[in-house]
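Structure assessment
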Amino acid sequence: MRTAVEPVEVRRPSAVRALTTLLAVTSAATVAVELLNYWYAPEQEFGLAVRTGWAMLRSLGFVLLIGQVNKGRVGARPFGLILAVTTIFAVGRLVVPRAGVPALPGLVGFAALSALCVAVVVLLYRSDAVRAHLVRHRKGLVVEGGTISWREVVPKRPQANGWLLTARVAAFTYSPLMLVPALVATGSVLDGRIAAVPALFLWFGAGIAVSYAVLFCTAFLLRGRGWARRALVVVTLGVLALDLPLCWWLLGVDGLIRDGAPLLTAAALTLYSLHRTTP
C-alpha cells in the first residue's frame, strides 16, 4: 500500500515556455547571423574576427538566460534587456562594411535577429505570467535551528526594484565593452604604431579596474547608499571620457561608431535607470 503522496509537477505557464523557446532560437540565430556576416565581409581582418567572436559569445548569454528563466530568477528581466539591446548593437555594427552597401543576406539576418531580441524584451516586460514567474532568488546554504539546508536565500538588504537591477547589469557591461576594442587595437599597434603601446596598456588596465569599481558601487547601490549612486555616475562618465577618445585615436571613426556606440548605449541605460530610482 502506498501511503506517501507523489509530488505533483507544476506545469510552467505557456508564456514562460514560449520565452525559453524564443531564447533558444535567438541563441542559434546569433551564431548564424554572425557567421553569415563574416562570410560576406569584404575584408576578414583581425578586428572583424575579434568583434565577431565577441558577438557570438552572446549566444552563451542567451543559454544562461534560459537557465535563469527556468529557475524563475528575479534578475532574468534586466539581464535579458541588456543582452537583447547589446546583441542588436554588436551585430548591427558588423553588418555595415567600411565601404559600400551591406550584403542583402546580412541585412535580412540582422532584421530577423532584431525582431527576435525585441520579442524577448516584450515577453520579459509585458507578460504578466512571466513577471509572476520571475520572483525567486538564488539558492544557498542556510544554517537555521542547528540544521543546514540548501534553499532559496532571501537577501537581507531591502528588495531592489527593477531599475536598480537594470543599472547594475548595464554597468557590468562596461568592462567587456572596453576590453574588446582594446583587443582590436592591438592589431594596429602590431602594425607599427609603437607610440600607442602605453595607451593600450592603460586601456586594458582601465577595463579590468572598471569591473571591480562597478562591483563595489553596485554592491552598496542595492543597499540604498546614496554615495554609491553618485560613485556609479562618476565611474560611468570616466569610462566614456577614457574609452571614446581611445576608440577614435586607435581605431578611427569606424571604430568609434562600432565600439563606442554600444558602450554609450549601456552608459545611457545605466544613467537613465539611476534617474528612475532617484529618491
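Numbering of residues starts from 1 in each chain and follows the order in which that chain's sequence is written. Whole-chain, interface and lining totals are the exception, using all residues; otherwise, since this is a predicted model, local features are given only for residues with pLDDT of at least 70 and side-chain atom pairs are given and counted only at 80 or more. Where side-chain values are given, they derive from all heavy atoms of the structure, hydrogens and water being excluded.

Section: the pattern of salt bridges
- In what follows, salt bridge is the name for a side-chain nitrogen of Lys or Arg lying within 4 Å of a carboxyl oxygen of Asp or Glu. Per the counting criterion, the structure on display carries 2 salt bridges.
- Across the pair Arg131 and Asp128 runs a salt bridge, and its minimum N-O distance is 2.8 Å. In this pair, Arg131 and Asp128 are both assigned in helix 5 (residues 128–133), 3 residues apart and thus about one turn of the helix distant.
- Exposure is judged per residue with a 1.4 Å probe applied to protein chains only, and the accessible area is read against the type maximum: over 50% gives exposed, under 20% gives buried, and values in between give partly exposed. In this structure Arg131 comes out as partly exposed when scored by relative accessible area, which is 33%.
- Overall, Asp128 belongs to the exposed group, its relative accessible area being 57%.
- Asp254 serves as the salt-bridge partner of Arg258, at 2.8 Å between the closest nitrogen and oxygen. In this pair, Arg258 and Asp254 are both assigned in helix 9 (residues 226–276), 4 residues apart and thus about one turn of the helix distant. Helix and strand assignments follow DSSP, with helices taken as H or I runs no shorter than four residues and strands as E runs no shorter than two, numbered in order from the N terminus.

Looking at the nonpolar core
- What is meant by a nonpolar core is a set of buried Ala, Val, Leu, Ile, Met, Phe, Trp, Tyr and Cys residues, joined one to another through side-chain atoms within 4.5 Å. Tyr174, Met178, Trp203, Val239 and Leu263 are the most contacted members of the largest nonpolar core, which totals 35 residues.
- Secondary structure elements with two or more residues in this core: helix 6 (162–172), helix 7 (174–190), helix 8 (197–221) and helix 9.
- Ranked by the residues each element gives to this core, the list is headed by helix 9, at 13 residues.
- Excluding residues that lie within four positions of it along the chain, Leu263 makes contacts with Tyr174, Leu177, Met178, Val239, Leu240 and Asp243.
- Counting 23 residues, the second largest nonpolar core, distinct from the first, contains Val16, Val69, Val95 and Leu134. By definition in these notes, contact holds between two residues if any of their heavy atoms fall within 4.5 Å.

A look at the environment of Gly106
- With respect to the helices and strands, Gly106 occurs in helix 4 (residues 104–126).
- With a relative accessible area of 5%, Gly106 lands in the buried category.
- Expressed as a C-alpha distance, the spacing of Gly106 and Leu94, which sit 12 residues apart in the sequence, is 9.1 Å.
- In this structure Gly106 touches Leu36, Asn37 and Val95, once residues within four positions along its chain are discounted.

Quick look at the confidence of the model for the chain
- Residues at a pLDDT of 70 or more form 83% of the chain, whose mean pLDDT is 82.
- For the chain, strand 1 (residues 139–144) is the element with the lowest average pLDDT, namely 54, and helix 8 is the one with the highest, namely 92.
- Confidence of the predictor at the level of single residues is captured by pLDDT, which takes values from 0 to 100. Segment residues 1–9 is flagged for pLDDT under 50; beyond a separation of four residues in sequence, or across chains, it makes 0 contacts in the model.

Overview of the packing of aromatic side chains
- Each Phe, Tyr or Trp ring, with Trp reduced to its six-membered ring, pairs with another whose centre is within 6.5 Å; inter-plane angles below 30 degrees give stacked pairs, above 60 give edge-to-face pairs, and intermediate values give tilted ones. Applying the stated criterion across every chain yields a total of 4 aromatic pairs.
- With a centroid separation of 5.3 Å and an interplanar angle of 85 degrees, the aromatic rings of Trp163 and Tyr272 are classed as edge-to-face. In this pair, Trp163 sits in helix 6 while Tyr272 sits in helix 9, placing the two residues 109 residues apart along the sequence.
- Residue Trp163 is classed as partly exposed on the basis of its relative accessible area, which comes to 28%.
- When the centroid spacing of 5.1 Å and the interplanar angle of 45 degrees are considered together, the rings of Phe220 and Trp227 count as tilted.
- Of the residues examined, Trp227 reaches a relative accessible area of 37% and is grouped as partly exposed.
- An aromatic cluster is present here, built from Phe216, Phe220 and Trp227 joined pairwise through their rings.
- Sitting above the plane of the Tyr125 ring, Arg77 keeps its charged end 4.5 Å from the centroid. Whether a charge sits over a ring depends on NZ of Lys or CZ of Arg being within 6 Å of the ring centre and within 35 degrees of the ring normal.

Quick word on the packing of helix 2 (residues 46–70) against helix 3 (residues 76–95)
- Direction vectors running N to C along helix 2 and helix 3 enclose 160 degrees, while the axes themselves pass 10 Å from each other. Judged by the angle between their axes, helix 2 and helix 3 are roughly antiparallel. By crossing handedness, the relation of helix 2 to helix 3 is classed as left-handed. Along its contact with helix 2, which presents Leu48, Arg51, Thr52, Trp54, Ala55, Arg58, Gly61, Phe62, Leu64, Leu65, Gln68 and Val69, the element helix 3 presents Ala76, Phe79, Gly80, Leu83, Thr86, Thr87, Ala90, Arg93 and Leu94.
- Each residue gets one label: Ala, Val, Leu, Ile, Met, Phe, Trp, Tyr, Cys and Pro are nonpolar, Asp, Glu, Lys and Arg are charged, and the others, such as Gly, are polar. Class assignment for the residues of the contact of helix 2 with helix 3 results in 12 nonpolar, 6 polar and 3 charged. Axis definition: a line fit to C-alpha positions, over the contact stretch in the case of helices; interaxial angles, taken between N-to-C directions, run 0 to 180 degrees. Angles are sorted into four bins: roughly parallel if under 35 degrees, roughly antiparallel if over 145, roughly perpendicular if 65 to 115, and oblique for all others. A crossing counts as left-handed when the near helix is turned anticlockwise from the far one by less than a right angle, and as right-handed when that turn is clockwise.

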